[in-house]
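An overview of the molecular structure
Below, each chain spelled out in residue letters.
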Amino acid sequence: MKPRNRVFADANADFDSARYVLYGAPWDSTQCFRSGSRRAPEAMREASYNYETWLDAYRVDLAEVPVCDLGDLSPEEGEEPLFSDLQSTQQEIVGAGKIPILLGGEHSVSGPAARAMPKGVHAVVLDAHLDFRRDYQGTPNSHACTVRRITEHLGVERATVVGVRSGAREEYEDARRQRLAFLPAEECRDAEGLRRALDARTGDSPVYLSIDMDVFDPAYAPGVGNPEPFGLAPGLVRALVVHLAPRLAGLDITEVTPDHDQGVTALLGAKLVREFLGARESLPPAPPRKR
Ligand code: MN
Ligand code: MN
């Protein structure tokens, strides 16, 4: 693990005292269209300094929330050592009773992260793509296979993909045959419907939330590896993060490719992390405002 010069904003706690442990996986070797997500952890750390520490919606000051930023895994040795480091880092965090927050990298890093989660956790994957290929371009560790790898560990009945609008014909056929639950983007209309659909699927299970940033419409998140039109709006995803926050066992943000926009997507990724922290730590609501 390489410590960074600047930690994620307000992540000033050491490992032992932290409730949340954040780290980066600067890995993008299978990004097939536009690469560059290896620079995403740094871009999201930089973007995090844009924001206030006070989150009024939750009455939380992030400066008072114990978050540790471990730095980044080293990608130099290649995929196998990186994935194995990632899984053991994730296991160490979860084993210490803390919540891991992983900054990708391409979406394939969510595979080893989910493998470190205990059985019984339900994976909610936000993604424009099904990511249900067995392998792609000669590797099972392609970012096009993420959901498949996650279901191999947690079980296909313990995964739900939200915001889907792209996949190969065989992926859709296979997903339907295996009864993989996925919500097409056009069915993700309002927060209340989305909350109901997710609760029906996940019950009160702990949730691992994996956010492939291409779930957003490219208007909001243009800096991703495979932009896909007709995506979700940020408010809807925020509502979902807030809803799931109390039972999140882990979170990752992947596929930000900082070279392909003006920093918008990294800003959104960093904000999602902060929204999660705020929602999870939130105090009872402030008294109602006078109208
Ligand atoms: Mn993906
Ligand atoms: Mn995707």
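To be clear, the structure that these remarks concern was listed above.
Description of the structure in this document. (Residues numbered from 1 in each chain as written. Chains lettered and ligands numbered in written order. Predicted model: local features only at pLDDT ≥ 70, side-chain atom pairs only at ≥ 80, totals over all residues. Heavy atoms only, no water.)

Brief notes about the coordination of the manganese ion (ligand 1)
Of the protein atoms, only His107 (ND1), Asp127 (OD), Asp131 (OD) and Asp212 (OD) coordinate the manganese ion (ligand 1), at distances of 2.1 to 2.2 Å. Counting the intervening residues between successive donors of the manganese ion (ligand 1) yields the motif H-x19-D-x3-D-x80-D. (Donors = N, O, S within 2.8 Å, 3.2 Å for Na, K, Ca; no water.)

Observations regarding the packing of helix α6 (residues 191-202) against helix α7 (residues 234-244)
Running from amino to carboxyl end, α6 crosses α7 at an angle of 40°, the nearest separation of the two axes being 10 Å. With respect to α7, the axis of α6 lies oblique. Note that α6 runs across α7; the crossing there is right-handed. When α6 is examined against α7, the residues Ala191, Leu194, Arg195, Leu198 and Asp199 are found in contact with a partner set consisting of Leu236, Ala239, Leu240, His243 and Leu244. (Axes fitted to C-alpha atoms, helices over the stretch in contact; angles between N-to-C directions. Helix = DSSP H or I, 4+ residues; strand = E, 2+ residues; numbered from the N terminus. Parallel < 35°, antiparallel > 145°, perpendicular 65-115°, else oblique. Left-handed = near helix turned anticlockwise from the far one by under 90°. Contact = heavy atoms within 4.5 Å.)

Things to note about the coordination of the manganese ion (ligand 2)
Around the manganese ion (ligand 2), the donor atoms from the protein are Asp127 (OD), His129 (ND1), Asp212 (OD), Asp214 (OD) and Asp214 (OD), and they sit 2.0 to 2.5 Å away. Mapped onto the sequence, the donors of the manganese ion (ligand 2) take the spacing D-x1-H-x82-D-x1-D. Between the two metal centres, the manganese ion (ligand 2) and the manganese ion (ligand 1), the spacing is 3.2 Å, with Asp127 acting as a shared donor. Under the relative-accessibility criterion, Asp127 is labelled buried at 0%. Overall, the relative accessible area of 15% leaves His129 in the buried class. (Buried < 20%, exposed > 50% of the residue type's maximum accessible area, 1.4 Å probe, protein only.)

Observations regarding the sheet that holds strand β5 (residues 99-104)
The strand order across the open sheet built from eight strands is β4-β1-β5-β10-β9-β6-β7-β8, with neighbouring strands paired in parallel fashion. Since the sheet does not close on itself, it has two edges, and those belong to β4 (67-72) and β8 (181-184), each with one partner. Going across the sheet, the axis of each strand differs from the next one's by a mean of 15°, ignoring polarity. In this sheet, β5 lies alongside strand β1 (residues 20-25) in parallel orientation, the contact comprising six bridges. Paired with Tyr23 across the strands is Leu102, a residue of β5. Sitting on the sheet, helix α2 (residues 79-95) touches β1, β4, β5 and β9 (207-212), and the angle it makes with β1 is about 175°. In this fold helix α4 (residues 146-154) packs onto β6 (122-126) and β7 (159-164), with an angle of close to 170° to the strand it touches most, β6. (Pairing = 2+ DSSP bridges.)

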